[in-house]
Amino acid sequence: MKIAFPVKGIIVEDLFWKKYKDIVADEVIPYQWKALNDELPDTEPSHAIENFRIAAGESSGDYYGTVFQDSDVAKWLETVAYSLRDHPNRELENQADEVIALLGHAQAADGYLNTYYLLKEPNKQWTNLRDNHELYCAGHLIEAAVAYYETTGKAELLNIAEKYVSLIDSVFGPDEGKMKGYPGHEEIELALVKLYEVSGNERYLQLARYFIEERGRQPIYFIGEKERREPSPSEPTWNDEKHLNFGLGFAYQQAHLPVREQTEAVGHAVRAMYLYIAMADLAAKTGDAGLKQTCEKLWEDVTERKMYVTGGIGSAVNGEAFTCGHDLPNDSMYCETCASVGLAFWASRMLRLEPDRRYADVLERALYNGTISGMDLDGKRFFYVNPLEVNPFQACRRDQEHVATERQKWFFCACCPPNLARMIASVEDHIYGQTEDTLYAHLYIAGTMKTFFQGNEVEIRQIHRYPWDGSIELRVDAANAVDFDLALRIPGWCKNARVTINGETVKLDHVEKGYLHIRRTWSQDDIVSLELPMPVERLRSHSLVSMNQGQIALQRGPVVYCVEETDNGSNLAALRLPRESSLEIEYDEQLLNGIVKITAQGYRIQSSAALYSSDAPQRIPQTITAIPYYAWCNREKGEMRVWIHEI
């Protein structure tokens, strides 16, 4: 197994992503700080920082919020750590240091750190792993600690996390006298691998392995845990015996089978993503070919049967869960922002196991569509659910109340905004992967990176206007001539890529798993030019995706498009796009922070006034305008749809 480790220390200069990273630094981090401190008017209170103040003895009062409220603080700290890489900010760093000191004051003498149990049920720690997110919150604390240490070199939060993990390791494991439990919401597993990477402590890797391997073994741990637990005010009503885990059983937590026996993605989509990330991480660290094969089977199920064209996953509101293959409704789906973020992270981990275009294509699809749709363009409003269709009937349907028609300022369950922020702030970590002799370019995000081959420093700078333009230049600068293999991903959506080096054409005859491998001696001022033509494509669904039959989705490059009421009028279901219509593109710098919009000549059907009629509807000519899906709902509130009827 040849692992392609991510390349760190990249300076992002990208037209598209630098805007997002600036927004996270300038708007989202301060905005979320206010949210965590209950300083946003007319929004759900968070109380997350106040919970820690109470636990530290610096304030008084009762715990407030969801059982996983601590994780919002951890994700904020993680985002700060990533943002400080390219947005140094002494005031923000001091603010983060103060939060870290607060966490240290709140931590119990034995290392325990969870404000819900410290304040609300101090005698019931580790009694409800199924529902109450202790290990999940610990995982996010660990991720924040690793990120903050790697960016700043400061070890205070890392020491807090390691002290907590030492306690957890003393409580859980296969050894006699330890609890045989595992988290209901996966997260700590992947975090422990990160902690192992930065510390080299094998105990952390072994604990991650234990949590992964123990899941789903008989007897199911959660059954005995439920029997041992006394009735508690914290016991969620949705997990009673009659409706266990939304009727999904232990598949809800991917605990229905041992992980190596799982071949189908089931249950809560975010939990599944975090488990699969950890499994891929463990396979990469241990060379476990069997675990890698399990990951590949699950990947195939998710991306070939259960993924939306936007990179959204989790088609059911019930349990925020996967359903069966090809069940992909557009107006009642869930597509939680966290789930798409998780899919992007999983795709990146699969690329480490094996550089393969099928992983990078999904990573790109999720990044440019299903994740960033969760935040408006100024970083102040957020979607929890990301629909592919908004229509007038949703307001009348109780079964679709979860579909918001505009982004919200904040949420009582606010996992998505900080999750999206940390992904954007660290997007550069997914651009390249490197083995001993090969550099893989997974994503085309303009910026500068430095790495080493055979002890020689190599600098590569990407220059382009992607995703709006497919002309990509990579300038390779090696002070000392050095041999290595530069592997350029040829996206699956691109049919006629062209490559030159210093003006000379390169034949595309060394393409392996979607990557063009260029092996040569690189020196100063080598220029690789990659042309990725970007015609607008009409995408069609598999015939089993019944509700999309007779409809098309528009995609240009990696960007999926939608139509909005603002541009096309109401009743978008009445639009018809002829097969022969030309699809015109125009870059508009002033529209939606700068986008390429698509226009085409089509029709609006107009029927008789009767509810049912044998008369053919009239076709009224109309220009149809489509914008990138991620940018919808940044103007007037109204209808939206991704799939358009074709005639």
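Residues numbered from 1 in each chain as written. Predicted model: local features only at pLDDT ≥ 70, side-chain atom pairs only at ≥ 80, totals over all residues. Heavy atoms only, no water.

(A) Looking closely at the overall build of the chain. Counting its secondary structure elements, the chain contains 16 helices and 23 strands. Here the C-alpha radius of gyration of the chain, 25 Å, is about what a compact globule of 647 residues would show, namely 26 Å. In terms of overall dimensions, the chain has C-alpha extents of about 75 × 70 × 50 Å along its principal axes. Out of the 647 residues in the chain, the part that is buried amounts to 61%. Summing over all exposed atoms, the chain offers an accessible surface of approximately 24,900 Å²; the carbon and sulfur share of this is 47%. In the chain, the 67 positive side-chain charges and the 96 negative ones have mean positions that sit 3 Å from each other. (Helix = DSSP H or I, 4+ residues; strand = E, 2+ residues; numbered from the N terminus. Rg over C-alpha atoms; globule rule 2.2 N^0.38 Å. Buried < 20%, exposed > 50% of the residue type's maximum accessible area, 1.4 Å probe, protein only. Areas by Shrake-Rupley, 256 points an atom, 1.4 Å probe, with all protein chains shown as cover. Lys, Arg positive; Asp, Glu negative; His and termini not counted. Charge placed at Lys NZ, Arg CZ, Asp CG, Glu CD.)

(B) Structural context of the layout of surface pockets. The space that makes up the second largest pocket amounts to roughly 740 Å³. For the lining of the second largest pocket, the secondary-structure elements that each account for two or more residues are helix H12 (289-305), helix H14 (357-371) and strand S15 (536-539). Broken down by element, the lining of the second largest pocket gets its largest block of residues, five residues, from H14. Split into classes, the residues belonging to the lining of the second largest pocket amount to eleven nonpolar, eight polar and ten charged. (1 Å grid on protein atoms, 1.4 Å probe; cavity = no way out; pocket = protein on both sides within 12 Å on 5 of 7 lines; lining within 4 Å. Points joined across faces, edges and corners; volume = space filled by probe spheres on them. Nonpolar A, V, L, I, M, F, W, Y, C, P; charged D, E, K, R; others polar.)

(C) Just empty space enclosed by the protein, in detail. Enumeration over the complete set of coordinates arrives at six cavities of 30 Å³ or more. The calculated volume of the largest cavity comes to roughly 110 Å³. Leu-15, Phe-16, Lys-19, Tyr-20, Ile-23, Leu-377, Trp-468, Tyr-587, Leu-592, Asn-593, Gly-594 and Tyr-630 are the residues that line the largest cavity. Here the lining of the largest cavity takes three residues from helix H1 (residues 17-36), the largest share from any one element. Of the residues belonging to the lining of the largest cavity, the class tally is nine nonpolar, two polar and one charged. Of the pockets and cavities examined, the second largest cavity occupies roughly 80 Å³. Around the second largest cavity, the lining residues are Phe-52, Asp-70, Val-73, Ala-74, Leu-103, Leu-113, Cys-137, Ala-138, Leu-141 and Tyr-164. Listed by contribution, the elements that provide at least two residues to the lining of the second largest cavity are helix H3 (70-86) and helix H6 (134-152). Partitioning the lining of the second largest cavity into residue classes produces nine nonpolar, no polar and one charged.

(D) Structural context of the environment of Ile-595. With respect to the helices, strands and loops of the structure, Ile-595 is situated in strand S20 (residues 595-606). For Ile-595, a relative accessible area of 0% translates into the label buried. When the C-alpha positions of Ile-595 and Trp-468 are compared, they lie 7.4 Å apart, and in sequence the two are 127 residues distant.

(E) Broad picture of the pairing of strand S21 (residues 618-628). Where strand S17 (residues 559-564) and S21 come together, three bridges link them in antiparallel fashion. Across the sheet, the residue bridging to Tyr-561 is Pro-628, located in S21. In terms of strand pairing, S20 meets S21 through nine bridges, oriented antiparallel. Looking at S21, one finds that Ile-605 is bridged to Arg-619. (Pairing = 2+ DSSP bridges.)

(F) Structural view of the packing of aromatic side chains. For the structure shown, the criterion picks out 32 aromatic pairs. Through a chain of ring-to-ring contacts, the aromatic side chains of Phe-16, Trp-17, Tyr-20, Tyr-368, Tyr-444, Tyr-466, Trp-468 and Tyr-630 assemble into a single cluster. Taking NZ or CZ as reference, Arg-619 lies 5.8 Å from the ring centre of Tyr-603, over its face. (Phe/Tyr/Trp six-rings, centres within 6.5 Å; stacked < 30°, edge-to-face > 60°. Lys NZ or Arg CZ within 6 Å of the ring centre and 35° of its normal.)

(G) Fine view of the packing of helix H8 (residues 188-199) against helix H11 (residues 269-286). Closest axis-to-axis distance for the H8/H11 pair is 7 Å, and the angle between their directions is 35 degrees. Classified by chirality, the crossing of H11 by H8 is left-handed. When H8 is examined against H11, the residues Glu-189, Leu-190, Val-193, Tyr-196 and Glu-197 are found in contact with a partner set consisting of Tyr-274, Ile-277, Ala-278, Asp-281 and Lys-285. Classifying every residue of the contact of H8 with H11 gives six nonpolar, no polar and four charged. (Axes fitted to C-alpha atoms, helices over the stretch in contact; angles between N-to-C directions. Left-handed = near helix turned anticlockwise from the far one by under 90°. Contact = heavy atoms within 4.5 Å.)

(H) Examining the side chain of Arg-641 more closely. Inspection of the secondary structure assignment puts Arg-641 in strand S22 (residues 640-641). Classification of Arg-641 as buried rests on a relative accessible area of 7%. From its side chain, Arg-641 meets the backbone oxygen of Trp-643 in a polar contact 2.7 Å long. Once residues lying within four places of it in the same chain are set aside, the contact partners of Arg-641 are Leu-388, Glu-389, Gln-551, Cys-562, Val-563, Leu-572 and Ala-573. (Polar contact = N/O pair within 3.5 Å; in protein donor to acceptor, adjacent residues only side chain to side chain.)

(I) Spatial organisation of the packing of H3 against helix H15 (residues 416-425). The geometry of H3 relative to H15 is characterised by a closest axis approach of 8 Å and an angle of 15 degrees between their N-to-C directions. Taken together, the axes of H3 and H15 lie roughly parallel to each other. Handedness of the H3/H15 crossing: left-handed. Between H3 and H15, the contacting residues are Asp-72, Lys-75, Glu-78, Thr-79, Tyr-82 and Ser-83 on the first element and Pro-418, Asn-419, Ala-421, Arg-422 and Ala-425 on the second. Taken together, the residues of the contact of H3 with H15 break down into four nonpolar, three polar and four charged. (Parallel < 35°, antiparallel > 145°, perpendicular 65-115°, else oblique.)

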